[in-house]
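Working through the structure, step by step
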Amino acid sequence: MEKHKNGSFTSSIGFVLACVGSAVGLGNIWMFPYRLGEYGGAAFLIPYLFFILLFGFVGLSAEFASGRKVGTGTLGVYAYCFKERKQEKLGKILGWIPLMGSLGIAIGYSIIIGWVLRYLGASVTNTVLKEDSAEFFAGVTASMKNVPWHMMIVAITVIILLVGAASQIERANKVLMPLFFILFAGLAVRVFFLEGSHEGYRFLFVPNWKALLNVNTWVMAMGQAFFSLSITGSGMIVYGSYLPKNEDIVKSSLQTLIFDTIAALLAALAIMPAVFAFGIEPSAGPSLMFITLPNVFKQMPMGRLFSVLFFLSVCFAGITSLINMFEAVIESWQNRFKIGRTKSVLLCGAITFLIGLLLEEETRVGNWMDFITIIIVPFGAVLGAISIYYVLGFEKIKEELELGRKKPLPVIFKPVAKYVYVPLSIIIFILGLIYKGIG
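Below you will find a few notes about this structure. Everything quoted here is computed from the prediction, not taken from an experiment.

Helix and strand counts for the protein come out as 19 helices and 0 strands. Expected size for 439 residues packed as a compact globule is a radius of gyration near 22 Å; at 21 Å, the protein falls within 12% of this value. The buried share of the protein, reckoned over its 439 residues, is 61%. In the protein, the proportion of contacts linking residues at least 24 apart, taken out of those at least 6 apart, comes to 84%.

Here it is as structure tokens:
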């Protein structure tokens, strides 16, 4: 394939950081720390590490390889896969499902990161630490009460993507992701010295081996690992299309899952010990980030500074994830409708913001995100897994996976991909419906 018209990543580290930027998101920050402690502490890490290695090894690699093989993003890849079975029209239709998943997440995500930006501003002025946390959160998340901040997040993402495609995505992530890791590492170090923080480490890392006998531990570890890597049948495909042919895809996938896991652990180390140090009940979801943690910062020495650093780092993680969601949609629209990049970027930004305006109230965006993340995104991931490994076929994708490698794929790769990963992706979709969300 010729070089993509949107350019390509110029280095392995740039590509990996872009992928880590997509993968590291709110799930790492407001869900992983709580699940780690709630489902067995260090014992939870056993199934989590097993699943994230499995999904990264064969799942993430498949999405990267399909994008690079076809030389385009979501819609092009599905059309190509089904063309092998003389069903190109079906592929073109099915490709819209994971693509709409990316756009749907972007719509909800931009609202929530708008809340984060509002909290960052309120941390700078110290407003968030002076007011009651629950009341402040209720004010921020009321209908049409956060429009300027919501608009700023969409505008920042649009501006980054207007300046350039692959090269600009790479540059942005080379700045934002190292800053994210530095800021969270700094928070984790500060929290270590808080009196009473040892209870948080006990919650996180003292193993409860009996938890491994609990089916829910394995279900939640599997869901957390799967969704943490942004395997959606869409977003990582477009980044793969910008990857040069001489790069080792499997190696890049493993590097991505390693950094993603480090980010999740850093979030746990920065959050839970602080929560326990001040005797606050641990929680998960938005309440952890927007209510519990501000209450922690109120009691910490230099709490205002650490509140600024925390919400700044979450902003970085949110924007890098939004960049990937937008890019998946933008690239597909460019190729499907033959429109210029500028128009595609502006259209994506406008749709994201205008639909988001209708969803700004907390309950509405919560219901929207539940629908997208429980039904659309997992179904898109299933479509991606089946389309790549069965419709296109293992031998075709194997050719791409072995480009840039010094050694052939391990013999175990094929059975794990076809007979473990694909069935598990279907099981995750079904369990998500039963549990009303496991990611």
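On to the environment of Asp370, then. With respect to the element layout, Asp370 can be found in helix H18 (residues 362-401). Separated by 262 residues in sequence, Asp370 and Gly108 have C-alpha atoms that sit 9.9 Å apart.

Where helix H1 (residues 12-23) contacts helix H14 (residues 249-277), the two axes come as close as 9 Å, and the packing angle between them is 45°. In terms of their interaxial angle, H1 and H14 are classed as oblique. Of the two possible hands of crossing, H1 and H14 adopt the one that is right-handed. Facing Phe15, Val16, Cys19, Val20 and Ala23 of H1, the residues of H14 in contact are Ser252, Gln255, Thr256, Phe259 and Asp260. Counted by class, the contact of H1 with H14 contains 6 nonpolar, 3 polar and 1 charged residues.

What follows deals with the nonpolar core. Of all hydrophobic cores here, the largest spans 160 residues; its most connected members are Phe55 and Phe310. Per-element tally for this core: the top contributor is helix H16 (residues 303-337), with 16 residues. Ignoring any residue separated from it by four or fewer positions in sequence, one finds Phe55 in contact with Leu60, Met222, Ala225, Phe226, Leu229, Ile231, Tyr421, Leu424 and Ile428.

With that settled, the discussion passes to a nonpolar patch on the surface. A contiguous nonpolar patch, built from Ile386, Tyr390, Tyr419, Val420, Ile426, Ile430 and Ile434 and spanning about 610 Å² of accessible area, is present on the exposed surface. Contributing elements (two or more residues each) for the nonpolar patch: H18 and helix H19 (413-435). Per-element accounting of the nonpolar patch gives the leading share, 5 residues, to H19. In this fold, Ile430 is placed in helix H19.

Let us now look at unusual backbone geometry. In this model, Met144 sits at a positive phi of 60°, which is unusual for a non-glycine residue. As for its position among the elements, Met144 is in the loop between helix H8 (133-140) and helix H9 (147-163). Residue classification places Met144 among the partly exposed residues on the basis of a relative accessible area of 47%. The phi dihedral of Lys338 falls on the positive side, at around 55°, and the residue is not glycine.

The next thing to look at is the packing of aromatic side chains. Applying the stated rule across the entire model yields 35 aromatic pairs. Measuring from ring centre to ring centre gives 6.4 Å for Tyr389 and Tyr421, while their planes differ by 80°; the resulting arrangement is edge-to-face. In this pair, Tyr389 is assigned in helix H18 and Tyr421 in helix H19, connecting sequence segments 32 residues apart. Per residue, the accessibility class of Tyr389 equals that of Tyr421, and both read buried. A connected cluster of aromatic rings, assembled from ring pairs, spans Trp115, Tyr119, Phe136, Phe137, Phe180, Phe181, Phe184, Phe259, Phe290, Phe297, Phe310 and Phe311.

A separate point is the pattern of salt bridges. On inspection of all chains with the given rule, the structure shows 10 salt bridges. We note a salt bridge from Lys92 to Glu88, for which the minimum N-O separation is 3.9 Å. On the criterion of helical spacing, the pair formed by Lys92 and Glu88 is a turn pair, its members being 4 residues apart in helix H5 (residues 88-94). Accessibility expressed as a relative area gives 31% for Glu88, which makes it partly exposed.

Criteria and thresholds
Residues numbered from 1 in each chain as written. Predicted model: local features only at pLDDT ≥ 70, side-chain atom pairs only at ≥ 80, totals over all residues. Heavy atoms only, no water. Helix = DSSP H or I, 4+ residues; strand = E, 2+ residues; numbered from the N terminus. Rg over C-alpha atoms; globule rule 2.2 N^0.38 Å. Buried < 20%, exposed > 50% of the residue type's maximum accessible area, 1.4 Å probe, protein only. Contact = heavy atoms within 4.5 Å. Axes fitted to C-alpha atoms, helices over the stretch in contact; angles between N-to-C directions. Parallel < 35°, antiparallel > 145°, perpendicular 65-115°, else oblique. Left-handed = near helix turned anticlockwise from the far one by under 90°. Nonpolar A, V, L, I, M, F, W, Y, C, P; charged D, E, K, R; others polar. Core = buried A, V, L, I, M, F, W, Y, C linked by side-chain atoms within 4.5 Å. Patch = residues over 30% accessible without salt bridge, like charges linked within 9 Å, V, L, I, M, F, W, Y side chains within 5 Å. Areas by Shrake-Rupley, 256 points an atom, 1.4 Å probe, with all protein chains shown as cover. Salt bridge = Lys/Arg side-chain N within 4 Å of Asp/Glu carboxyl O. Phe/Tyr/Trp six-rings, centres within 6.5 Å; stacked < 30°, edge-to-face > 60°.

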